[in-house]
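# Per-entry structural report
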Amino acid sequence: MKVLSKSFGEYATNCYIVEQDGMQLVVDPGKGSFEWIGQNVTNLKAILCTHGHFDHIFDVLKVQNKFKAPIYIHEEDAFWAQNDIFGYGYELFTPDVFFKDQECVTIGSFNIKFHHFAGHTPGCSMIEINGCMFSGDFLFRDSIGRWDFPYSNKEDMLKSLEKCSKISGDYKLYPGHGEPSSLSAEQSRLDMWIRIVASI
């Protein structure tokens, strides 16, 4: 499996193209990613959204209109797709699949599992694909997602950090911003982040 990555927009949001056996998935097509995706995708099977913040979904509709691939997002973040609440200017869309926590699907040769970690947004999730974890804005290299935005929730973030600390096995971690890491490396810091979040 090959993973292509490029960052876009004012927040340097990572968009990923995951490729295997002549098929592709796109994870988080943010603002400005459409042209790059078009240059690197020939057989798109799905558009996967880790959460609904505008910088991760801005070009979703453009990508779907071109490739006719289904859009996946957690059911609790669907409202971002259907309402531009803060007026960022993205085109609204209706997701095709509203996934739930621990749901597993096979798309072509991709085995996908959705892990729900609310806190940054109500439906914030990590998406496991063939042994790699696309962590969106829940986990970063040496950091975690913010929990002080509108629709964020501190208590949910604490529960999610505790839950994440119990995942067994190691995964290459591809975050929504910044450089890759590994799940085990970030798990080693979760106790520290739990203390920090709880103290604020």
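Residues numbered from 1 in each chain as written. Predicted model: local features only at pLDDT ≥ 70, side-chain atom pairs only at ≥ 80, totals over all residues. Heavy atoms only, no water.

The subject of this paragraph is the sheet that holds strand 7 (residues 104–107). Taking strand neighbours across the sheet as the criterion, the 6 strands line up as 7-8-9-10-13-14 in an open arrangement whose pairing is mixed. At either margin of the open sheet sits one strand with a lone partner, and together these are strand 7 and strand 14 (181–182). In the sheet, strand 13 (residues 172–175) pairs with strand 14 via 2 bridges, with the strands oriented antiparallel. For Leu173, the partnering residue across the bridge sits in strand 14 and is Ser181. (Pairing = 2+ DSSP bridges. Helix = DSSP H or I, 4+ residues; strand = E, 2+ residues; numbered from the N terminus.)

Counting through the fold element by element, Thr50 comes out in the loop between strand 4 (44–48) and helix 2 (54–57). Note on Thr50: relative accessible area 1%, which makes it buried. At 2.7 Å, the side chain of Thr50 forms a polar contact with the side chain of Asp28. At a separation of 3.0 Å, a polar atom in the side chain of Thr50 contacts the side chain of His51. The contact partners of Thr50, leaving out residues within four places of it in the chain, are Val27, Asp28, His56, Gly123, Cys124, Ser125, Ile127, Phe134 and Gly136. (Buried < 20%, exposed > 50% of the residue type's maximum accessible area, 1.4 Å probe, protein only. Polar contact = N/O pair within 3.5 Å; in protein donor to acceptor, adjacent residues only side chain to side chain. Contact = heavy atoms within 4.5 Å.)

What follows is about the side chain of Gln20. In this fold, Gln20 is placed in strand 2 (residues 13–20). Separated by 3.1 Å, the side chain of Gln20 and the backbone oxygen of Ser109 make a polar contact. Not counting the four nearest positions on each side in its chain, Gln20 is found in contact with Met1, Ser109, Phe110 and Asn130.

The geometry of helix 5 (residues 154–164) relative to helix 7 (residues 190–199) is characterised by a closest axis approach of 10 Å and an angle of 165° between their N-to-C directions. Between helix 5 and helix 7, the crossing angle belongs to the class labelled roughly antiparallel. Between helix 5 and helix 7 lies a crossing whose hand is left-handed. Where helix 5 approaches helix 7, its residues Lys154, Leu158, Leu161, Glu162 and Cys164 are matched on the opposing element by Leu190, Trp193, Ile194, Val197 and Ala198. For the contact of helix 5 with helix 7, the class distribution of residues is 8 nonpolar, no polar and 2 charged. (Axes fitted to C-alpha atoms, helices over the stretch in contact; angles between N-to-C directions. Parallel < 35°, antiparallel > 145°, perpendicular 65-115°, else oblique. Left-handed = near helix turned anticlockwise from the far one by under 90°. Nonpolar A, V, L, I, M, F, W, Y, C, P; charged D, E, K, R; others polar.)

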